[in-house]
Amino acid sequence: MASPAQQLPPGWAAEWEQTHQRYLFIETATGHTQWEPPTGPSGQMQQPAMETPPVGGAPAHHSKRRQYAAGQTQAYYGSAEETPLLQPMSQPPPQAGMEPQLFTPGLAAPSFAMQQQGQTQPPYYDPSQGQQQQQPEYINSHPQPAYGQPNPNALADQFGQMGLGGQRSFALQTANLLTSPPDPRELSLPPPEIRLPPNATVTPSQFANADSSYQRSTLNAIPNTSSLLSKSKMPLALVITPYRTVSESEPQVPLVTDTVIARCRRCRTYINPFVQFIDGGNRWRCCMCNLSNEVPQMFDWDQTRNQPGDRWSRAELSHGVVEYVAPTEYMVRPPQPAVYVFLIDVSHTAVQSGMVATATRTILENLDRIPDEDERTKIAIVCFDVSLYFFSLPPGQTEPTMLVVSDVEDVFLPKPTDLLLNLAEARTGGGLENLLTRINDMFKENSIIGSALGPALQAGFKLMVPIGGKIVALSSSLPSVGVGALKNREDPKILGTAKESNLLQAASPFYKTFAIECSRAQVSVDMFLFSSAYQDVASLSCLPHYTSGQTYYYPAFNAARAEDALKFAHEFGEVLAMPIMLETIMRVRASRGLRMSSFHGNFFVRSTDLLAMPTVATNQGYAIEIQIEETITAPFVVLQTALLHTTCYGERRIRVVTTAYPVTSNLSEVFASADQVALAVLLANKAVERTLSHKLEDARDAVYNKLVEILQTYKSSMTAAGAGASAQLAIGENMKMLPVLVLGLLKNVGLRQSAQIPPDIRAYSQALLTSLPAQLLIPYIYPSFYSLHNMPPEAGTVGPEGVIMPPPLPLTSERLERHGLFLIEDGQTIFLWIGRDAVPQLVMDVFNLPSYEVLRGGKTTLPVLENSFSQRVNAIIQKTREMRRGVYYPHLYVVKEDGEPPLRLWALSALVQDRADVLPSYQQFVSSLKEKVNGNSGY
């Protein structure tokens, strides 16, 4: 067959483009260029038929709808190769004397239109083979423009970066860990590019794949067999944060409001950018199971304007993250109102610490922020010590009545109504505000010590069981009375021993069985814990874990310290204002050959792959491991997370998060596509889970050994050393930070080898490790470290993206200077480290004190002073508290170089590249890895 260059009409020339391995066609008279071979005389472009004839016997409305599809209304121009990124659906001006070629949804290629017009196909397409012979990019399932672009190289490069151009193989770059120190800036880089084959999507949208902040995989190229995955030793898993908060400057999640939801009849996948339209656009082929499905009748109808709509403007065909308003068939019952039941500990310790006053004042100040647009939200307040105190507020009354239940062995509601209040009605006469103002005074003189938390939880459950909702429990002491009572099992002698892991498991079965009862009734529990003594966080955090809630811990809380009151009030206020998703179920579907095998996060696994989450808070992270069950023959696979939920405004919705990944049979591509951030998140979840059934040491060893396995496989299969000993420690450039992330995880309070960590502190850290999204989890295991005294002049000032942060430093004390001021933060705590030789002017400018000697270390609030350095430091601290998604408001500690040893050691423990106690430095850790990889005993 002759090449396209030999079959040109007069007035055209062809030039071979080495970069793209294809011909570029040039109109000699005008210099106009295009990728498509010209199909007629110079300047004349052939037009396709304007209407697709309806399939025989199809109803009349089909014909009408498909006229639109054939381009009668708004045509779709542009292809994956040549449509500009920012305007995927816009119509470029046609070239002079040229008619743009229209696209019919579902046509395989322009050749279909040519056949209808009795034209011959271009010579580079062989119908007997059904596939392209020379230039696979030309014929695709995308709309084909018949015009050129002035700079095709730049556009092809743009689309190559998007993964929508011609698929390029991953180039594996190898680094030597012994000579490549960790660079913290690499953690802010995007994950490895997802390089999909050409024409994987039905629209050339930059949003076709979900952003990695919603869903990311540990591997961005999926092995085609389980044996290849096993050979690589890489874990395959999804890391998901489906309900992350979206700032005003970010793209919002598109909402499909017409309740037309196209799903595969067999596997129930939602239509997405990776399906194919066939049969002239009347049917679509599922990208998961390949079943052919009918396009819903109203799919191409604009219900708001009551006229034919533009199929290609539908968000679900161009966005990887989309939300649908669900029709009634997605409801087991009508959408329920949001319900909040507050259980407030009013025992002596709770009142004396100031928790009761701070909590009631925070609720009072945030009543307007509690989601209640439809005025259906309900609220109840139950106080408890060793008895339960209910508050009744009948409609129209402004004076609440307190009802006391002393029998905590058999909990009952003292009256059937007026305990669960409509929030708007209860505020009408000021009754609710009146109650919140008086609670602290009512119990001010309370001398009762003891906690009936378990019975209080049962009472809260009884109040809301017909509806479901959120229980918010605030507790200042160890539960001691009634069901769920716990004993102080803290024993310093077993800390750091094999028995320590027993302290990290629930001491009473109540907290697991009650959690499952709550999950069935669509009730979730948030725990706010304040004790200065042992509180058994490990047992109490079971409730949030299995009911998709969250645990918040304020050890030794004392509201007399303004910083304590501010932190709790800020975080509690954010929790109250947070929009919550009610009655949520989540399922992840995958292309044939893949199966979800294990699940990590705060939820209850209701069936093999259905996750029950009574209410879902924003910014919770989940990790789901994936198995390859059979050889994958498709060029790419699709993973789709679907969450059915009711908004707190009474609307049933479905959030769908879709990501496609290329399939590879090449081990080097598997390594080159690894996402080190997703790997670290998965390893953190697996390590914590292992501590619940094994010793802490076993959990640490499992993480370390997994890293060794990956490094050994990389050395043997990707380097010249092979199975022999090597003087290097090789790893892919894209995984260069994985060893230091693993070291940070091993040194994290949740897993660290130490006999000094109180079990409550360790249990809370483990609760964070298994629920934080990647954006918060990575700094929690690898903190940020900045030098402030010599930061660049723009640091701390406002730029286009907000406050400019200083460049991050590696986490080693070698960077500390005796005259310097440094900031170390892990998303939960901020340390301001000041060297002993800091000049008086620095101390004056930041702390408004004459010298280092009079400066006190500890928890503090930094003054904002009338000098630019103070304002820049304060701006950096403020940005640190606000730059990540989530409710957390980190405490600020001033740490003097020669200050209190416990505080100094705590701050230094964040510098994970240093040696500390029995824990190795980064250099020692990497050396031990090298020994182990070479077959000798290591860490």
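Criteria and thresholds
Residues numbered from 1 in each chain as written. Predicted model: local features only at pLDDT ≥ 70, side-chain atom pairs only at ≥ 80, totals over all residues. Heavy atoms only, no water. Pairing = 2+ DSSP bridges. Helix = DSSP H or I, 4+ residues; strand = E, 2+ residues; numbered from the N terminus. Contact = heavy atoms within 4.5 Å. Axes fitted to C-alpha atoms, helices over the stretch in contact; angles between N-to-C directions. Salt bridge = Lys/Arg side-chain N within 4 Å of Asp/Glu carboxyl O. Buried < 20%, exposed > 50% of the residue type's maximum accessible area, 1.4 Å probe, protein only. Core = buried A, V, L, I, M, F, W, Y, C linked by side-chain atoms within 4.5 Å. Polar contact = N/O pair within 3.5 Å; in protein donor to acceptor, adjacent residues only side chain to side chain. Phe/Tyr/Trp six-rings, centres within 6.5 Å; stacked < 30°, edge-to-face > 60°. Lys NZ or Arg CZ within 6 Å of the ring centre and 35° of its normal. Expected span 1.5 Å × (residues − 1). Arc of directions from axis to C-beta.

A. Region of the structure containing the sheet that holds strand 38 (residues 858–859). Here we have 5 strands laid out as an open sheet, ordered 33-36-37-39-38, and mixed in their pairing. The open sheet terminates on both sides in strands that have one partner only, identified here as strand 33 (784–787) and strand 38. Two strands pair when backbone bridges link them, and strand 33 and strand 36 (residues 821–825) are joined in this way by 4 bridges, in the antiparallel orientation. Bridging across to strand 36, Tyr 786 finds its partner in Leu 823. Those strands touched by helix 21 (residues 868–882) are strand 36, strand 37 (829–834) and strand 39 (891–896), and its axis lies near 10° from that of strand 36.

B. The pattern of salt bridges, seen in detail. Across all of its chains, the model carries 39 salt bridges by this definition. Between Glu 399 and Arg 438 there is a salt bridge, with the nearest N and O atoms lying 2.8 Å from each other. Taken together, the residues Glu 399 in the loop between strand 19 (388–392) and strand 20 (401–405) and Arg 438 in helix 8 (residues 431–442) connect sequence positions 39 residues apart. You can call Glu 399 partly exposed: its relative accessible area is 42%. In this structure, the salt-bridge partner of Arg 489 is Asp 536, at a minimum N-O distance of 2.9 Å. Note that Arg 489 is positioned in the loop between strand 22 (469–475) and helix 10 (510–520) and Asp 536 in the loop between strand 23 (523–529) and helix 11 (537–540), a separation of 47 residues in sequence.

C. Highlighting the nonpolar core. One finds Phe 342, Ile 381, Leu 457, Leu 474, Phe 528 and Phe 572 to be the most contacted residues of the largest nonpolar core, which totals 228 residues. Excluding residues within four positions of it along the chain, Ile 381 makes contact with Phe 342, Ile 344, Tyr 389, Phe 390, Phe 391, Leu 432, Leu 435, Leu 436 and Ile 439. Judged by nonpolar contacts, the second largest core, of 24 residues, contains Tyr 786, Met 805, Ile 830 and Leu 855.

D. Representation of the sheet that holds strand 13 (residues 292–294) within the structure. Taken together, the 3 strands give an open sheet; going across it, the order is 11-12-13, and neighbouring strands pair in antiparallel fashion. The sheet terminates laterally at strand 11 (276–278) and strand 13, the two strands that pair on one side only. Neighbour to neighbour, the strand axes of the sheet diverge by 35° on average, direction disregarded. With 3 bridges connecting them, strand 12 (residues 283–285) and strand 13 associate as antiparallel partners. What sits directly across from Trp 284, in strand 13, is Asn 293.

E. How the structure looks around the environment of Leu 478. Inspection of the secondary structure assignment puts Leu 478 in the loop between strand 22 and helix 10. Distance from Leu 478 to Gly 450, taken between C-alpha atoms, is 7.7 Å for residues 28 residues apart in sequence. Residues in contact with Leu 478, not counting those within four places in the same chain, are Ser 451, Leu 486, Lys 487, Asn 488, Tyr 534, Gln 535 and Asp 536.

F. Spatial organisation of unusual backbone geometry. Backbone geometry places Asn 290, a non-glycine residue, at a positive phi of 70°. Summarising the element assignment, Asn 290 is placed in the loop between strand 12 and strand 13. If you check the backbone angles, Glu 583 has positive phi at about 45° while not being a glycine. Looking at where Glu 583 falls in the secondary structure, it is placed in strand 25 (residues 581–590). Judged by relative accessible area, which is 12%, Glu 583 ranks as buried.

G. Structural detail: the environment of Gly 857. Looking at where Gly 857 falls in the secondary structure, it is placed in the loop between helix 20 (840–847) and strand 38. For Gly 857, a relative accessible area of 35% translates into the label partly exposed. Distance from Gly 857 to Leu 832, taken between C-alpha atoms, is 9.4 Å for residues 25 residues apart in sequence. Setting aside residues up to four positions removed in sequence, Gly 857 forms contacts with Val 894, Lys 896 and Leu 903.

H. Region of the structure containing the side chain of Thr 691. Relative to the helices and strands, Thr 691 resides in helix 15 (residues 676–691). Given the relative accessible area of 0%, Thr 691 is considered buried. For Thr 691, the side chain forms a polar contact with the main-chain oxygen of Val 688, separated by 2.5 Å. Setting aside residues up to four positions removed in sequence, Thr 691 forms contacts with Ser 501, Gln 505, Leu 696, Ala 699, Leu 751 and Gln 766.

I. Highlighting the packing of aromatic side chains. Tallied over the full model, the rule gives 29 aromatic pairs. For the ring pair Phe 557 and Phe 568, a centre distance of 5.7 Å and an interplane angle of 80° mean the geometry is edge-to-face. Within this pair, whereas Phe 557 is found in the loop between strand 24 (551–553) and helix 13 (562–577), its partner Phe 568 is found in helix 13, the two being separated by 11 residues in sequence. Per residue, the accessibility class of Phe 557 equals that of Phe 568, and both read buried. For Arg 244, the ring lying beneath its charged end belongs to Tyr 214, and the centroid distance is 4.5 Å.

J. Main features of helix 8. With 12 residues, helix 8 should reach 16 Å at 1.5 Å per residue; the first-to-last C-alpha distance of 15 Å fits that figure. Of all the positions in helix 8, only Gly 431, Leu 432, Leu 435, Leu 436, Ile 439 and Asn 440 are classed as buried. Relative to the axis of helix 8, the buried residues are bounded by an arc of 165° and lie together on one face. Looking at the packing, one finds that the buried side of helix 8 touches helix 5 (348–352), helix 6 (355–365), strand 18 (378–384), strand 19 and helix 7 (423–428).

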